[in-house]
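# Summary of structural features
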Amino acid sequence: SLAGLSNGGALLTYRGLDSLGYWARYTTEWSAAAALPALVPSPPVVARGVGGAEADIAYISSGAVYHVRLIDGQLGEPVLVGGAGMVKLAIARE
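Cut-offs and rules
- Residues numbered from 1 in each chain as written.
- Predicted model: local features only at pLDDT ≥ 70, side-chain atom pairs only at ≥ 80, totals over all residues.
- Heavy atoms only, no water.
- Helix = DSSP H or I, 4+ residues; strand = E, 2+ residues; numbered from the N terminus.
- Rg over C-alpha atoms; globule rule 2.2 N^0.38 Å.
- Buried < 20%, exposed > 50% of the residue type's maximum accessible area, 1.4 Å probe, protein only.
- Contact = heavy atoms within 4.5 Å.
- Areas by Shrake-Rupley, 256 points an atom, 1.4 Å probe, with all protein chains shown as cover.
- Lys, Arg positive; Asp, Glu negative; His and termini not counted.
- Charge placed at Lys NZ, Arg CZ, Asp CG, Glu CD.
- Pairing = 2+ DSSP bridges.
- Axes fitted to C-alpha atoms, helices over the stretch in contact; angles between N-to-C directions.
- Core = buried A, V, L, I, M, F, W, Y, C linked by side-chain atoms within 4.5 Å.

Scanning the protein from N- to C-terminus turns up 0 helices and 9 strands. Going from the N terminus to the C terminus, the protein shows its helices and strands as β-β-β-β-β-β-β-β-β. Against the globule reference of 12 Å for 94 residues, the protein gives a C-alpha radius of gyration of 12 Å, in line with a compact fold. Principal-axis analysis of the C-alpha atoms gives the protein an extent of 40 × 30 × 20 Å. Within the protein, the fraction of its 94 residues that count as buried is 37%. In the protein, 30% of the contacts between residues at least 6 apart in sequence involve partners at least 24 apart. Carbon and sulfur atoms make up 56% of the accessible area of the protein, which totals about 5,400 Å². Positive and negative charge centroids in the protein, built from 6 and 7 side chains respectively, lie 7 Å apart.

This is the structure we're talking about:
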């Protein structure tokens, strides 16, 4: 998933061959990929952040949906949104 950021950069999220979720940020060049803190059955998704966050990332782990915010280049703590048996998801920002 790819989202434009308010500073003109971008954030990319994807599922690696090792089944971990990853993210990388583009400003003037791509940062090194960093892992999300969970195995994911499908690619994580990203949207431009709200309320001071650069981006909002959602992913599925163990069938449940989690949300994490990217603020000042650092991931916050994942928050369990809920669900059971989830396999795919989407995120959007108006």
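Of all 7 residues making up strand β6 (residues 55–61), 7 are buried, and the element is well covered by its neighbours. Taking every second residue as pointing to the same face, both faces of β6 are buried, with Ala55, Ile57, Tyr59 and Ser61 on one and Asp56, Ala58 and Ile60 on the other. Pairing of β6 with strand β7 (residues 64–71) involves 7 bridges; the strand directions are antiparallel. Paired with Ile57 across the strands is Val68, a residue of β7.

On to the sheet that holds strand β3 (residues 20–26). The 4 strands are arranged β1-β2-β3-β4 in an open sheet whose pairing can be described as antiparallel. The sheet terminates laterally at β1 (2–4) and β4 (34–39), the two strands that pair on one side only. For this sheet, the mean angle separating the axes of adjacent strands, direction not counted, is 20 degrees. For β1 and strand β2 (residues 10–15), the ladder comprises 3 bridges, and the chain directions are antiparallel. Across the sheet, the residue bridging to Ala3 is Leu11, located in β2.

Moving on: the nonpolar core. Counting 13 residues, the largest nonpolar core has Leu11, Trp23, Leu36, Val46, Ala55, Ile57 and Tyr59 as the members making the most contacts within it. Those elements giving two or more residues to this core turn out to be β4, β6 and β7. The biggest single contributor to this core is β6, with 3 residues. Filtering out sequence-adjacent residues up to four positions away, Leu11 remains in contact with Ser1, Leu2, Ala3, Leu5, Trp23, Ala24, Arg25, Val46, Ala55, Ile57 and Leu70.

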